[in-house]
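Summary of structural features
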Amino acid sequence: MGRDTAKESLMAEPVQWHGTTILTVRKGGRVVIAGDGQVSLGQTIIKGNARKVRPLGAGGQVIAGFAGATADAMTLFERLEGKLEQYPSQLTRACVDMAKDWRTDRYLRRLEAMMIVADRSVSLVLTGTGDVLEPENGVIAIGSGGNYALAAARALIDTGMDAETIARKSMAIAAEICVYTNGNLTVESLSL
C-alpha cells in the first residue's frame, strides 16, 4: 500500500466513540446500577463526568444505565419512559414492547446503544437486536469494561458486602483495566 493510499484509508475511517461500563447488582434487598463518567472519541477523553445512569418513570421506580452513543441512549430513555407510562409497574412488558419497536422501526434500528434497566422485581439488558435478558444471578454489565466489572461482581457476590459496595469495588476494578472506563461513578439504587 502506497503512502498516499494509507493516508486516505486512515482519513476515510470514522473516529469511533468508545464508552463506558454499566453494572447492576441485586443483593440483600437492594438493586444498584453504577456507571462511569468517561466519554471517549478515538484516543481522546472528551468528558469525564457524564451521567449515564438515571431514574426513570413516575416517582423514579425504575433505574437505567446506557452504554453507547449518548444521543441514541437519550432517545431510548425517552421511548422507555413512554412505554412505562403505557404499562405502569410492568417493566418487563414495557421493555419487550420497546425492544420490538427498536428492532422493527427503521429509525430506531440505527441506534447504537445498550441499556440496563431495573425495578424492585427485575433487572434486564435491552439491545437493538430485540433482546430483553434477565441475569441468572442478579449481576449484569455492559459496555467496554463490562466483562471486567461483571467478573469482579460475580466474584464478590457471595461475600458479606452489600450491593452498592460490590458495585463500587467492581467498577473500580474495571476502571483499572479498561482505558474507556474511569472512576467517576454515578450510582442509583432502589430498595426491594
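Reference entry: report on the structure contained in this document. (Residues numbered from 1 in each chain as written. Predicted model: local features only at pLDDT ≥ 70, side-chain atom pairs only at ≥ 80, totals over all residues. Heavy atoms only, no water.)

Turning to the overall build of the protein chain, a few remarks are in order. Looking only at helices and strands, one finds six helices and 12 strands in the protein chain. Out of the 192 residues belonging to the protein chain, those deemed buried represent 44%. Only carbon and sulfur atoms are counted for the fraction: they give 49% of the accessible area of the protein chain, which is about 10,000 Å². (Helix = DSSP H or I, 4+ residues; strand = E, 2+ residues; numbered from the N terminus. Buried < 20%, exposed > 50% of the residue type's maximum accessible area, 1.4 Å probe, protein only. Areas by Shrake-Rupley, 256 points an atom, 1.4 Å probe, with all protein chains shown as cover.)

As a further point, take the nonpolar core. For soluble globular proteins, nonpolar side chains are generally found buried alongside one another. Judged by nonpolar contacts, the single largest core of 21 residues is most densely connected at Leu80, Leu91, Met115 and Val117. Elements supplying a minimum of two residues to this core: strand E7 (62–68), helix H2 (70–86), helix H3 (91–104), strand E8 (113–118) and strand E9 (123–126). Non-local contacts of leucine 91, meaning those with residues more than four positions away in its chain, are made with Val62, Leu84, Val117, Ala118, Asp119, Val122 and Leu124. (Core = buried A, V, L, I, M, F, W, Y, C linked by side-chain atoms within 4.5 Å. Contact = heavy atoms within 4.5 Å.)

Direction vectors running N to C along helix H5 (residues 146–156) and helix H6 (residues 163–177) enclose 140 degrees, while the axes themselves pass 8 Å from each other. In terms of axis orientation, H5 runs oblique to H6. Crossing hand, H5 versus H6: right-handed. For the pair H5 and H6, contact is made by Tyr148, Ala149, Ala152, Ala153 and Leu156 and by Ile166, Lys169, Ser170, Met171, Ile173, Ala174 and Ile177, respectively. Across the contact of H5 with H6, the residue classes tally to 10 nonpolar, one polar and one charged. (Axes fitted to C-alpha atoms, helices over the stretch in contact; angles between N-to-C directions. Parallel < 35°, antiparallel > 145°, perpendicular 65-115°, else oblique. Left-handed = near helix turned anticlockwise from the far one by under 90°. Nonpolar A, V, L, I, M, F, W, Y, C, P; charged D, E, K, R; others polar.)

Take H5 next. Residues of H5 that are buried: Gly146, Ala149, Leu150, Ala152, Ala153 and Leu156. On an axial view of H5, the arc spanned by its buried residues comes to 170 degrees, and they lie on one face. The exposed set on the far side of H5, more than 90 degrees from its buried face, consists of Asn147 and Ala155. Those residues of H5 that are buried lie in contact with strand E2 (21–27), strand E11 (139–143) and H6. (Arc of directions from axis to C-beta.)

Overall, the coordinates contain one aromatic pair when judged by the stated rule. When the ring of phenylalanine 66 is compared with that of phenylalanine 77, the centres are 5.7 Å apart and the planes differ by 75 degrees; the resulting orientation is edge-to-face. Here phenylalanine 66, found in strand E7, pairs with phenylalanine 77, found in helix H2; they are 11 residues apart in sequence, far enough to count as distant. Under the relative-accessibility criterion, phenylalanine 77 is labelled buried at 3%. (Phe/Tyr/Trp six-rings, centres within 6.5 Å; stacked < 30°, edge-to-face > 60°.)

Take the pattern of salt bridges next. For the coordinates displayed, the defined rule picks out six salt bridges. Ionic pairing is found between lysine 83 and aspartate 97, a salt bridge with its closest N-O pair at 2.7 Å. Here the residue lysine 83 occupies a position in helix H2, and aspartate 97 occupies one in helix H3, the gap between them amounting to 14 residues. One exposure class covers both lysine 83 and aspartate 97, and it is buried. A salt bridge links lysine 83 to aspartate 101; its shortest N-O distance comes to 2.8 Å. On the criterion of sequence distance, the pair formed by lysine 83 in helix H2 and aspartate 101 in helix H3 is long-range, its members being 18 residues apart. Residue lysine 83 is classed as buried on the basis of its relative accessible area, which comes to 11%. (Salt bridge = Lys/Arg side-chain N within 4 Å of Asp/Glu carboxyl O.)

A few words on the sheet that holds strand E10 (residues 132–133). As a general point, the strands of a sheet are linked pairwise by backbone hydrogen bonds and lie either parallel or antiparallel. One open sheet holds the five strands; their spatial order is E6-E7-E8-E9-E10, and the pairing between them is antiparallel. Since the sheet does not close on itself, it has two edges, and those belong to strand E6 (53–56) and E10, each with one partner. Most of the contacts of H2 go to E7, to which it runs at about 155 degrees, and overall it touches E6, E7 and E8. (Pairing = 2+ DSSP bridges.)

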